[in-house]
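Survey of secondary and tertiary structure
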Amino acid sequence: MATTDYELSPVKFSRLTTRGIILGLSLSQVIALATGAVVFIAALYSGGPAARYTAPVWLTFAALAVVGVGGRKLIEWVPITGHWVWRKAARQTAYRRRIVKPRPAGTLALPGDAAALRQYEDPELGAVMVHDPHAQTLTAVLEVTHSAFVLMDPGEQERRVHGWGRVLSTVCRSGRIARVQVLERTVPDSGSGLSQWWTEHGRDDGSWVAQTYAELIERAGPAGERHITTLSLSLDMKAAGRQIRSAGGGIKGAAEVLRQEMHTLVTALRAADLKPSDWYTPGDLAVMLRTAYDPQVAATLDRAGDIGRDLAAAGPVAVEETWGRLRSDSAHHAVLWVSQWPRSQVYPGFLAPILLSSGIRRAVTLLYDPVRSDQAARDIRKKKTEYVSDAAQRQRIGQIEDASQSAEYQDVLQQEADLTAGHGVLRYTGLVAISASSVDELEAAVAAIEQAAIQASCETRLLVGQQAQAFVAAALPLGRGL
């Protein structure tokens, strides 16, 4: 009996740290408790009924520090709620396109803080590059095709996992990459793919069989869905400042430096048996942006040829943001954050329940932020020192160390071992943007994705008070963060 030489190895994610600056308390909790303690002590020294009269004040600060709601302490809700109230008062939660007033040339027609993004078409590759003047990044996008991972044998899956690891390691060693975004989304299938296959491989001889087959393709095409995977590469213009100046400076110099990174990435993808497409042109990006905000037009644009490929007009016509949802042209949206990755060992295909969920229009984004090796080493040494100090402090006051704190410390030691072995360090964020045509359908889809995340051993949370910004980061291939 034939046996494979390679077995699929399980992987383990580092835990989301819960360690604070002292005794597990965050800086905001310490400030709230200290403020309450100052008010209480001052009232005691004042004598009389001052302590009773000031009780609502110091009790409020204590409650803000220790009472939790929705997985956060009340003090952590203060900046989120305050920012939302300010945006609501400033009328920044609603967007309407000004049709009679054209936008400045070169900008993307996007709402919110994404309105400052600018486009640059590279004259050599014809690719569109998106410049973020605030974050000082320049981003290019390409589409990646690959074989079905879940259908491969364990040995081939293990080889593909190592290949993707080498791609990420290449990004880490560059030192000039700010972020890599992997976006996997489902779009309604207009049937053009099946029709094209029938045109190229079928034989329409007028027979009953050929006619029946053509009718079947025509009916089945629009009912299906396609999975599209894009990869966005963002150049850190601050880190690459010297190379940009050597290339002539400005956006043209940054584009030349980014082209070098694009070539390196394409080579690494091909070595990992991934098939990269040509880099996205302005028309390709325009269609993707338009269909993200207006999903119902996706099938029409797929069949329309050159219509809808103007990037300057690809944004939404109207956007309305609420506390936990976002409404755009023809859909309602909600964004979930993967707040906790699997705590136990899992196999590389653990996200299959989310990625293979059918009948739900969603976009899954993984944001990888490379960390320089010297900075990663400093962070690890700092974490080790803080963990040892916290352990000594807990021992002095008689507090028992729980298993989660020990597990977090072991994760830090493992990161140090991996960094010493030559591996790169990445900060990763997972987001899931869900779209539906009505609020009821959206709630059902969100519940289904939350159950799929549980099957994948992940924990998800709804990003409230920041749905517009989260949607840009999760559903658009612009390399934006939160």
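Within every chain, residues take consecutive numbers counted from 1 along the sequence as written. Given that this is a predicted model, residues contribute local features only at a pLDDT of at least 70 and side-chain atom pairs are listed and counted only at 80 or more, while totals for whole chains, interfaces and linings are drawn from all residues. Remark: hydrogens and water are excluded; side-chain values derive from all non-hydrogen atoms of the structure.

Moving on, we get to the overall build of the protein chain. Helix numbers and strand numbers start at the N terminus; a helix is a DSSP run of H or I with at least 4 residues, a strand a run of E with at least 2. For the protein chain, the count of helices and strands is 16 helices and 15 strands. Counting only C-alpha atoms and orienting by the principal axes, one finds that the protein chain spans roughly 100 × 65 × 55 Å. A simple rule labels every residue: compare its accessible area, found with a 1.4 Å probe on the protein chains alone, to the largest value its type can have, and call it buried under 20%, exposed over 50%, or partly exposed in between. Looking at the 482 residues of the protein chain, the share that counts as buried comes to 40%. Residue contacts follow a heavy-atom distance rule, with two residues in contact if any of their heavy atoms lie within 4.5 Å. The long-range share in the protein chain, meaning contacts at least 24 apart out of those at least 6 apart in sequence, stands at 76%. Here the protein chain has roughly 25,800 Å² of accessible surface; of this, 56% comes from carbon and sulfur atoms. Per-residue accessibility takes into account occlusion by the displayed protein chains alone, with areas from the Shrake-Rupley method and a 1.4 Å probe.

Note on aromatic contacts: the rings of Phe and Tyr and the six-membered ring of Trp form a pair at centre separations within 6.5 Å, being stacked when their planes are under 30 degrees apart, edge-to-face when over 60 apart, and tilted otherwise. Applying the stated rule across the entire model yields 7 aromatic pairs. Seen in terms of ring centroids, Phe-40 and Trp-58 are 4.8 Å apart; in terms of plane orientation they differ by 70 degrees. Their pairing is edge-to-face. Here Phe-40, found in helix H1 (residues 27–46), pairs with Trp-58, found in helix H3 (residues 55–66); they are 18 residues apart in sequence, far enough to count as distant. Phe-40 gets classed as partly exposed once you look at its relative accessible area, which sits at 30%.

In an α-helix there are 3.6 residues to a turn, and that puts residues three or four apart on one side. Compared with the 24 Å implied by 1.5 Å per residue over 17 residues, the 24 Å span of helix H15 (residues 439–455) between its first and last C-alpha is a close match. Buried residues along H15 sit in contact with strand E12 (332–340), helix H12 (352–355), strand E13 (361–371), strand E14 (425–436) and strand E15 (459–462). Immediately downstream of H15, the backbone of Ser-457 shows phi near 65 degrees, a positive value. Between the first and last residue of a helix there are one fewer steps than residues, each counted as 1.5 Å, and that sum is the expected span.

The buried fraction of E13 amounts to 10 of the 11 residues, a majority that puts the element mostly inside the structure. Two strands pair if DSSP finds at least two bridges between them. As paired elements, strand E7 (residues 177–188) and E13 share 6 bridges and run antiparallel to each other. Opposite Val-180, over in E13, you have Tyr-368 as the bridge partner. Judged from the 11 bridges that link them, E13 and E14 form a sheet pairing that is antiparallel. Paired with Arg-361 across the bridge in E14 is Ser-435.

Next up on the list: the environment of Val-371. Structurally, Val-371 is set in strand E13. Aside from chain neighbours lying at most four places away, what touches Val-371 is Ala-376, Val-425 and Arg-427.

Moving on to the packing of helix H5 (residues 154–174) against helix H9 (residues 250–271). Two elements in contact, H5 and H9, have axes whose closest approach is 9 Å; the angle formed by their N-to-C orientations is 160 degrees. As judged from the angle between their axes, H5 and H9 are roughly antiparallel. Crossing of H5 against H9: the hand is right-handed. In contact with Trp-164, Val-167, Thr-170, Val-171 and Ser-174 of H5, H9 contributes Glu-261, Thr-264, Leu-265, Ala-268 and Leu-269. Here the contact of H5 with H9 is composed, by residue class, of 6 nonpolar, 3 polar and 1 charged. Lines are fitted to the C-alpha atoms to define the axes, a helix being fitted only along its stretch in contact, and any angle between axes, read from their N-to-C directions, falls within 0 to 180 degrees. Under this scheme an angle from 65 to 115 degrees is roughly perpendicular, one under 35 degrees roughly parallel, and one over 145 degrees roughly antiparallel; angles in between are oblique. Each crossing gets its handedness from the near helix: less than a right angle anticlockwise from the far helix is left-handed, clockwise is right-handed. The residue classification treats Ala, Val, Leu, Ile, Met, Phe, Trp, Tyr, Cys and Pro as nonpolar and Asp, Glu, Lys and Arg as charged. All others, Gly included, are polar.

Bringing the pattern of salt bridges into the picture now. It is possible for side chains of opposite charge to pair when their charged atoms get near one another. Take a side-chain nitrogen of Lys or Arg and a carboxyl oxygen of Asp or Glu: if they are within 4 Å of each other, that pair is a salt bridge. Within the structure shown, the criterion is met by 17 salt bridges. A salt bridge links Arg-160 to Asp-273; the nearest nitrogen and oxygen atoms lie 3.8 Å apart. Taken together, the residues span a long stretch of sequence, with Arg-160 in helix H5 and Asp-273 in the loop between H9 and strand E9 (275–279) at a distance of 113 residues. Of the charged contacts in the structure, one is a salt bridge between Arg-179 and Asp-369, with a shortest N-O distance of 2.7 Å.

On to the environment of Val-425, then. For Val-425, the location among the structural elements is in strand E14. Taking the relative accessible area as the measure of exposure, Val-425 reaches 22% and is therefore partly exposed. When near neighbours in sequence (up to four residues on either side) are disregarded, Val-425 contacts Cys-172, Asp-369, Pro-370, Val-371, Ala-376 and Leu-419.

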